[in-house]
Amino acid sequence: MDLILQQLINGLSLGSIYALIALGYTMVYGIIQLINFAHGDVLMVGAYAGFAGMVLLHLDPFTSLLAAMIICAILGMLIERLAYKPLRHSTRIAVLITAIGMSLLIEYVTMYFVGAEARAYPAQTGWLGASYHFGGVNLSMIQIIIVVVSVILMVVLQFIIKKTRIGKAMRAVSQDQDAAKLMGISVDNTISFTFALGSALAGAAGVLWGLYYTSITPLMGIMPGLKAFVAAVLGGIGLIPGALVGGYLVGLLETIVNSLGLSTFRDATVFLVLIIVLIFKPAGILGKNVQEKV
């Protein structure tokens, strides 16, 4: 029982990070049907922004997380305006290639400025470094912070989408861009805000990832980004609740595989699940199959 509870705690911590990243994927796809493969690298930039805030500016982790979210929100808008907006009416393959190119550009520009070596995130002391033991179960304060911060950000996101004017505009644009324009909605600004919001969540996830794994590199965003994409597809791409469900399922799956002593196959297992989902339920767990009319 202790082992099960420990893996559940580990899975929820990791799944919370994947859910934050998957939300960015699913929001952008819901608006413009684009898979932003540079999203994982926005996470990496957020991790380095948080690292700079804590090490160079001596900020606390929460202020550094907020600063990373702002930096990544600006980066997300720049990516959309410079790389994706000019291709909005191009073929999907052109946009996909551009997304991959943007991913590589962010990675190697970052590597040029910070170097290729891994950086160690500052160790947390005091109450932030506390750890609690309940029998054979270990619960660190960092794990608690990851889950609490993730839940707060998800609640704020849900409030923005459901209760604010820009959120209503996002839902309108996702349904019908032409009708949204006729209603006076600025489609370009709405899409930019969606990128900013998703990138801010990725920036927060980057700082939480650094605090959890204590090591960052310029190429660190590749695997978390791909796994978060799997989470979005697993839950139902384009659906916010689906991103949450998929993120937590992927996190739990990964920790279960690790607990079985099969850590070498944890990445392969996640992608195997993606293949199975695409074969048997391509719309995802919460998605519905919709037939397109000719």
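Residues numbered from 1 in each chain as written. Predicted model: local features only at pLDDT ≥ 70, side-chain atom pairs only at ≥ 80, totals over all residues. Heavy atoms only, no water.

Caption draft 1: Fine view of helix 10 (residues 240-259). Here helix 10 contains 20 residues, and its C-alpha end-to-end distance of 29 Å stays within 8% of the 28 Å for a straight helix at 1.5 Å per residue. All of the buried residues along helix 10 are I240, G242, A243, G246, G247, V250, G251, E254, T255 and V257. Residues of helix 10 that are buried make contact with helix 1 (2-32), helix 5 (141-163), helix 8 (187-213), helix 9 (222-235) and helix 11 (266-280). Two residues or fewer past helix 10, G261 is found with a positive phi of approximately 80°. (Helix = DSSP H or I, 4+ residues; strand = E, 2+ residues; numbered from the N terminus. Expected span 1.5 Å × (residues − 1). Buried < 20%, exposed > 50% of the residue type's maximum accessible area, 1.4 Å probe, protein only. Contact = heavy atoms within 4.5 Å.)

Caption draft 2: Here's a closer look at the environment of G284. Considering the arrangement of structural elements, one finds G284 in the segment after helix 11. For the pair G284 and L234, spaced 50 residues apart in sequence, the C-alpha to C-alpha distance is 4.8 Å.

Caption draft 3: Focus on unusual backbone geometry. Within the chain, H58 stands out as a residue other than glycine whose phi angle is a positive 60°. Along the chain, H58 falls in the loop between helix 2 (39-55) and helix 3 (61-84). A positive phi angle, near 60°, is found at T214, a position not held by glycine. By the secondary structure assignment, T214 is in the loop between helix 8 and strand 4 (215-216). Accessibility expressed as a relative area gives 42% for T214, which makes it partly exposed.

Caption draft 4: Representation of the packing of aromatic side chains in the model. One pass over the structure, following the stated rule, counts 8 aromatic pairs. An angle of 80° between the planes, with centres 5.0 Å apart, marks the rings of Y212 and Y213 as edge-to-face. Under the relative-accessibility criterion, Y212 is labelled partly exposed at 22%. Residue class for Y213 comes out partly exposed when judged on its relative accessible area of 30%. Cluster of aromatic residues (ring-pair linked, three or more members): Y18, W209, Y212 and Y213. (Phe/Tyr/Trp six-rings, centres within 6.5 Å; stacked < 30°, edge-to-face > 60°.)

Caption draft 5: A look at the confidence of the model for the protein. For the protein, the average pLDDT comes to 89, and 97% of its residues sit at 70 or higher. Within the protein, no element has a lower average pLDDT than strand 2 (residues 131-134), which sits at 82, and none a higher one than helix 2, at 95. (pLDDT = per-residue confidence, 0-100.)

Caption draft 6: A look at a positive patch on the surface. A grouping of K162, K163, K168 and R171 is seen on the molecular surface, where their side chains present a positively charged patch. Secondary structure elements with two or more residues in the positive patch: helix 5 and helix 6 (165-175). Looking at where K168 falls in the secondary structure, it is placed in helix 6. (Patch = residues over 30% accessible without salt bridge, like charges linked within 9 Å, V, L, I, M, F, W, Y side chains within 5 Å. Areas by Shrake-Rupley, 256 points an atom, 1.4 Å probe, with all protein chains shown as cover. Salt bridge = Lys/Arg side-chain N within 4 Å of Asp/Glu carboxyl O. Lys, Arg positive; Asp, Glu negative; His and termini not counted. Charge placed at Lys NZ, Arg CZ, Asp CG, Glu CD.)

Caption draft 7: The nonpolar core, seen in detail. L20, I21, L23, M27, Y84 and Y121 are the most contacted members of the largest nonpolar core, which totals 80 residues. Ranked by residue count, the leading element in this core is helix 8, at 14 residues. Apart from residues lying up to four places away in sequence, L20 is in contact with S150, L153, M154, L201, A205 and L208. (Core = buried A, V, L, I, M, F, W, Y, C linked by side-chain atoms within 4.5 Å.)

Caption draft 8: Summary view of the pattern of salt bridges. Taken as a whole and assessed by the stated rule, the structure comprises 8 salt bridges. Among the ionic pairs, R88 bridges to E80, the shortest N-O distance being 2.2 Å. A residue is classified by how much of its surface remains accessible, and R88, at 23% relative accessible area, is partly exposed. Put simply, E254 and R266 hold a salt bridge, and the shortest N to O gap is 3.8 Å. You can see E254 sitting in helix 10 and its partner R266 sitting in helix 11, a full 12 residues away along the chain. Three or more residues are tied together by salt bridges with common partners; here these are E80, R81, K85, R88 and D188.

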